[in-house]
Amino acid sequence: MHGIDYLIIFAYFVPVIYIGLRAKRSVHSSQDFFLSGRSLPPLITGVAFVAANMGSFELMGASATGAKYGMFAFQLSWIGCVPAMIFSGLVMAPVFYASKARSVPEYLRLRFDKKTGALNAINFAFLTIFTSGLSLYGLAVVFQAILHWPIDLSLWASAGTVLVYVYLGGLRASIYTEVLQFFLIFAGTIPLSFMILHSVGGMSGLLSQVPENMAHVWTPILHPAGSAYGGGLFSIIVCLGVASFAYWSTDFLVIQRVLAARDLDAAKKTPLIGAFPRMLLPFLTVVPGLAALIVIPHHIRGSYNMATPLMLIHYYPAGLLGLGMAALLASFMSGMAGNVTAFNTVWTYDFYQTYFAPNRSDSHYLMVGRVVTVVGIVISIVAAYTARGFPSIFDYWALVSTIFVGAPFATFLLGVFTRRLNGVAPFTGMLAGILGSIGHFVLYRLGYLHYGSDLEMDFRGGFYGFMINLMVALLISCFEKPRPPEELKGLVYWDVPRPPQESRSFYRTPAALAIGAAILVVALNIIFW
C-alpha cells in the first residue's frame with residue numbers, strides 16, 4: 001500500500017458524509033426518514049435494491065464460494081436470485097406497496113394480527129443487527145490483514161461514518177449512498193476481472209485450468225458425486241428456490257427499497273431493474289475466487305474468504321489498489337447501513353408505535369427513529385466484537401439467514417395468495433417452522449444428518465422449515481374462521497387494485513423487464529452449461 005492508496009480510501013468518506021448532509025434537508029417527517037417519502041424513481045430504487053444485498057459479504061463471500069465450489073457459485077446469482085427477483089417484482093412488490101404497510105412485519109400485522117407481525121419483527125430485528133455486526137467485523141478483518149489496521153480502528157471508523165449519514169438523512173441517505181457504493185464496487189472490481197482473464201487466456205483459459213467438476217454451472221448439480229457442493233437437482237431447484245424467493249420477496253432489507261418507490265409502477269420495476277446487474281455480478285466477484293485457485297493457491301488454502309483481497313494485492317498497482325480497497329469498504333458499509341435503516345424502521349413502527357407509544361406526534365417518531373439508529377449502531381458494534389470468537393463468520397450468517405428468512409416465507413405466501421388464514425394459524429406455523437429449522441441444524445451438528453456440504457445443509461434447512469410452517473398453518477386453519485373479505489382489500493394478491501392501463505410502449509412495462517431478465521439468465525446458463 002502506498003500513500004495514494006490511503007488517500008483514495010480516505011477520500012471515499014467525503015461524498016458519503018456529504019450525501020447525509022444533503023439528504024437531511026429532505027427529512028421533514030417520519031415517512032421521509034424511514035421510507036424516503038415514497039418519492040424515488042425506479043432506477044434509483046432498483047440499483048439500491050441490489051446494492052443493499054451486495055454489502056453482506058458479497059465481494060468476499062462470493063469469491064470464497066467460487067474458490068470452494070467453482071463455477072457452481074454462479075448459480076447462486078442466476079438460479080438463486082433472478083427468478084426470485086422477477087417473482088418479487090410482479091407479485092410481492094405490488095401487494096406490499098398497495099397495502100400501504102410501512103414495513104414487512106406491519107404487512108403481516110395488517111393481514112393477520114399483532115402477534116404474527118411481532119414474531120416476524122423480532123426475527124427480522126435480530127437478523128439485521130447480527131448481519132450488520134458481521135459486516136462490520138468482516139471489514140475489520142480484511143483491513144487488519146491487508147492494511148494492518150487495528151480491528152478497533154476499522155470498527156469504530158466505519159460504524160461512525162454509517163451513523164452520521166443514516167442519522168442525518170435516514171433511508172434517502174442510505175439509498176443514495178448505496179447507489180454511489182454500487183458504482184464504486186463496480187469500478188473497483190472490473191479492472192481486477194479484466195486483468196485476471198487477460199493473464200489466464202480469457203474465460204475459456206480460466207475454465208480449462210480448473211478441475212472439470214468446477215468448470216461448469218450445472219455439472220456439480222446433475223452429477224453431485226465428487227463435487228465440492230455435493231447436492232443434487234432437488235436441493236437447487238426446490239430448496240435454494242425457497243431460500244431465494246424468501247429473501248428477495250420478504251426480507252425488509254431489500255423490500256424497504258420497494259416501499260420507497262414513487263408509485264406502484266416504480267415499485268414493480270425496482271426488483272426487475274436490480275435483476276440485470278445481479279446476474280452479471282458473479283463475473284466480478286466469483287471469477288477472482290476461481291482464479292485464485294490457479295494464481296495464488298497456497299495463499300488461500302484454508303482461507304477462501306481472503307481470495308478477493310489477496311487477488312487485489314497480487315494484481316493491482318498503487319492507486320488502483322486503493323480503489324479496490326475502497327470498493328471492499330463500500331461493500332461492507334453498504335450492508336451495514338441497509339441493515340441499520342431496516343432495523344430503525346421495524347423497531348419504531350412495529351414495536352414502539354404499535355405497543356408502547358401509539359398516537360404520538362410524527363416528530364416524536366422521527367426523533368425515536370434517530371435514537372434507535374444510534375442504538376442499532378452500538379448493538380452492531382457489540383455483535384462485531386462477539387463475532388471475533390466465531391471460527392467462520394460466514395457459517396453463522398448463513399445459519400441465521402436460513403432460520404429467520406426461509407422458514408417464515410410460507411406465512412407470506414399463504415397471506416398473499418389465500419383469504420382463509422387468520423389469527424393462530426399463521427403465528428403457530430411460523431414459530432413451528434423457525435423451531436424446525438433450528439432443530440434441523442442441531443441434528444446436523446450432532447452428526448445425525450449428513451449432507452454433501454454445509455451449503456446444501458443450509459438450503460435444505462430452510463426448505464424443511466418452510467414446509468413445517470406450511471403444513472402446521474394449513475392444519476390449524478381448518479379449525480379457524482376466516483376474516484371477512486372486505487377486511488382484506490389490498491392485502492391479498494387477487495384484491496390488489498389494478499391501475500388503469502396507460503398507452504405506453506411495451507418495453508417500458510414491468511412485464512418487458514421480467515421477460516428480458518428471464519431470457520438473459522437462460523442464455524447465460526446455456527453458455528456456461
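Below, the structure is looked at part by part. Please read these numbers as outputs of a predicted model, since none were measured by experiment.

Rules used in this analysis
Residues numbered from 1 in each chain as written. Predicted model: local features only at pLDDT ≥ 70, side-chain atom pairs only at ≥ 80, totals over all residues. Heavy atoms only, no water. Helix = DSSP H or I, 4+ residues; strand = E, 2+ residues; numbered from the N terminus. Rg over C-alpha atoms; globule rule 2.2 N^0.38 Å. Buried < 20%, exposed > 50% of the residue type's maximum accessible area, 1.4 Å probe, protein only. Contact = heavy atoms within 4.5 Å. Areas by Shrake-Rupley, 256 points an atom, 1.4 Å probe, with all protein chains shown as cover. Lys, Arg positive; Asp, Glu negative; His and termini not counted. Charge placed at Lys NZ, Arg CZ, Asp CG, Glu CD. Polar contact = N/O pair within 3.5 Å; in protein donor to acceptor, adjacent residues only side chain to side chain. Axes fitted to C-alpha atoms, helices over the stretch in contact; angles between N-to-C directions. Parallel < 35°, antiparallel > 145°, perpendicular 65-115°, else oblique. Disulfide = S-S within 2.5 Å. Phe/Tyr/Trp six-rings, centres within 6.5 Å; stacked < 30°, edge-to-face > 60°. Lys NZ or Arg CZ within 6 Å of the ring centre and 35° of its normal. Expected span 1.5 Å × (residues − 1). Bend = angle between axes of the 7 residues up to and from the residue. Patch = residues over 30% accessible without salt bridge, like charges linked within 9 Å, V, L, I, M, F, W, Y side chains within 5 Å. Salt bridge = Lys/Arg side-chain N within 4 Å of Asp/Glu carboxyl O. Left-handed = near helix turned anticlockwise from the far one by under 90°. Nonpolar A, V, L, I, M, F, W, Y, C, P; charged D, E, K, R; others polar. Core = buried A, V, L, I, M, F, W, Y, C linked by side-chain atoms within 4.5 Å.

1. Some details on the overall build of the protein
The number of helices and strands found in the protein is 25 helices and zero strands. Against the 2.2 N^0.38 benchmark of 24 Å for 529 residues, the protein shows a C-alpha radius of gyration of 22 Å, consistent with a compact globule. Here the protein, with 529 residues, has 62% of them falling under the buried criterion. For the protein, the proportion of contacts with a sequence separation of at least 24, taken over those separated by at least 6, is 84%. Of the roughly 19600 Å² of accessible surface on the protein, a fraction of 68% belongs to carbon and sulfur atoms. Side-chain charges in the protein split into 31 positive and 22 negative, and the spacing between the mean points of these groups amounts to 6 Å.

2. As for the side chain of serine 380
Structurally, serine 380 is set in helix α20 (residues 362–387). By relative accessible area, which is 0% here, serine 380 ends up buried. A polar contact is formed between the side chain of serine 380 and the backbone oxygen of glycine 376, at a distance of 2.8 Å.

3. Overview of the packing of helix α16 (residues 282–295) against helix α18 (residues 307–315)
Closest axis-to-axis distance for the α16/α18 pair is 9 Å, and the angle between their directions is 70°. With respect to α18, the element α16 is oriented roughly perpendicular. Between α16, through Thr285, Pro288, Gly289, Ala291, Ala292 and Val295, and α18, the contact on the second element is made entirely by Ala307, Thr308, Met311, His314 and Tyr315.

4. Details of helix α14 (residues 252–259)
A turn of α-helix holds 3.6 residues, and therefore any two residues three or four places apart point the same way. Of all eight residues in α14, eight are buried; the element is thus mostly enclosed. Among the residues making up α14, those that are buried are Phe252, Leu253, Val254, Ile255, Gln256, Arg257, Val258 and Leu259.

5. Concerning the state of the cysteines
Evaluated as defined, the whole model comprises zero disulfides. Free of any disulfide, cysteine 239 has its nearest cysteine sulfur in cysteine 81, 16 Å distant.

6. Regarding the packing of aromatic side chains
Applying the stated criterion to the full structure yields 23 aromatic pairs. Taking 5.8 Å as the distance between ring centres and 55° as the angle between the ring planes, the aromatic pair formed by phenylalanine 417 and tryptophan 494 counts as tilted. Of this pair, phenylalanine 417 sits in helix α22 (residues 409–417) while tryptophan 494 sits in the loop between α24 (454–477) and α25 (510–527), and the two are 77 residues apart along the sequence. An aromatic cluster of three or more residues is present, and its members are Phe87, Phe245, Phe417, Tyr493 and Trp494. Directly above the aromatic system of tyrosine 349 lies the positively charged group of arginine 102, at a separation of 3.8 Å from the ring centroid.

7. Quick word on the environment of valine 346
Secondary-structure assignment places valine 346 in helix α19 (residues 320–356). Taking the relative accessible area as the measure of exposure, valine 346 reaches 0% and is therefore buried. Separated by 225 residues in the primary sequence, valine 346 and alanine 121 have C-alpha atoms spaced 6.5 Å apart. What valine 346 contacts, discounting residues up to four positions off in sequence, is Pro105, Ala121, Phe124, Phe252 and Phe351.

8. A closer look at unusual backbone geometry
One non-glycine residue with positive phi stands out, namely lysine 100, at about 70°. Relative to the helices and strands, lysine 100 is located in the loop between α7 (82–98) and α8 (104–111). The exposed category is assigned to lysine 100, whose relative accessible area is 61%. Notably, asparagine 359 is not glycine yet its phi reads approximately 65°, a positive angle. Inspection of the secondary structure assignment puts asparagine 359 in the loop between α19 and α20.

9. What about helix α13 (residues 233–250)?
For α13, built from 18 residues, the straight-helix expectation of 26 Å at 1.5 Å per residue is met to within 8% by its first-to-last C-alpha distance of 25 Å. By the largest-angle criterion, glycine 241 marks the main kink of α13, which is about 35°. Taken together, the buried positions of α13 are occupied by Ser235, Ile236, Cys239, Leu240, Gly241, Val242, Ser244, Ala246, Tyr247, Trp248, Ser249 and Thr250.

10. Focus: a nonpolar patch on the surface
There is a patch of nonpolar side chains on the surface, built from Leu431, Leu435, Ile438, Val442, Leu443, Leu446 and Tyr448 and spanning about 660 Å² of accessible area. On the secondary structure map, isoleucine 438 appears in helix α23 (residues 424–445).

11. Quick word on the pattern of salt bridges
The full count for this structure, using the stated rule, is seven salt bridges. Its salt-bridge partner being lysine 115, residue aspartate 113 comes within 2.5 Å of it at the nearest N-O pair. Given the relative accessible area of 36%, lysine 115 is considered partly exposed. Its salt-bridge partner being arginine 419, residue aspartate 495 comes within 3.0 Å of it at the nearest N-O pair. Here aspartate 495, found in the loop between α24 and α25, pairs with arginine 419, found in the loop between α22 and α23; they are 76 residues apart in sequence, far enough to count as distant. You can call aspartate 495 partly exposed: its relative accessible area is 24%. Put simply, Arg102, Glu106 and Arg109 are held in one network by salt bridges that share partners.

12. Considerations on the packing of helix α4 (residues 42–54) against helix α15 (residues 264–280)
Where α4 meets α15, the closest approach of the two axes is 7 Å, and the angle between their N-to-C directions is 55°. With respect to each other, α4 and α15 are oriented oblique. As α4 runs across α15, the sense of the crossing is right-handed. Along its contact with α4, which presents Pro42, Leu43, Thr45, Gly46, Phe49, Val50 and Asn53, the element α15 presents Ala266, Lys269, Thr270, Pro271, Ile273, Gly274, Pro277 and Arg278. Along the lines of polarity and charge, the residues of the contact of α4 with α15 split into eight nonpolar, five polar and two charged.

13. Remarks on the nonpolar core
Of all hydrophobic cores here, the largest spans 166 residues; its most connected members are Tyr107, Phe143 and Met325. Among the nonpolar cores identified, the runner-up in size contains eight residues, and Ala125, Ile129, Phe343 and Val372 belong to it.

14. As for the environment of valine 200
Summarising the element assignment, valine 200 is placed in helix α10 (residues 151–200). If we skip the residues at most four places from it in the chain, valine 200 touches Gly205, Leu206 and Gln209.

By themselves, these observations are geometric and do not establish any function.
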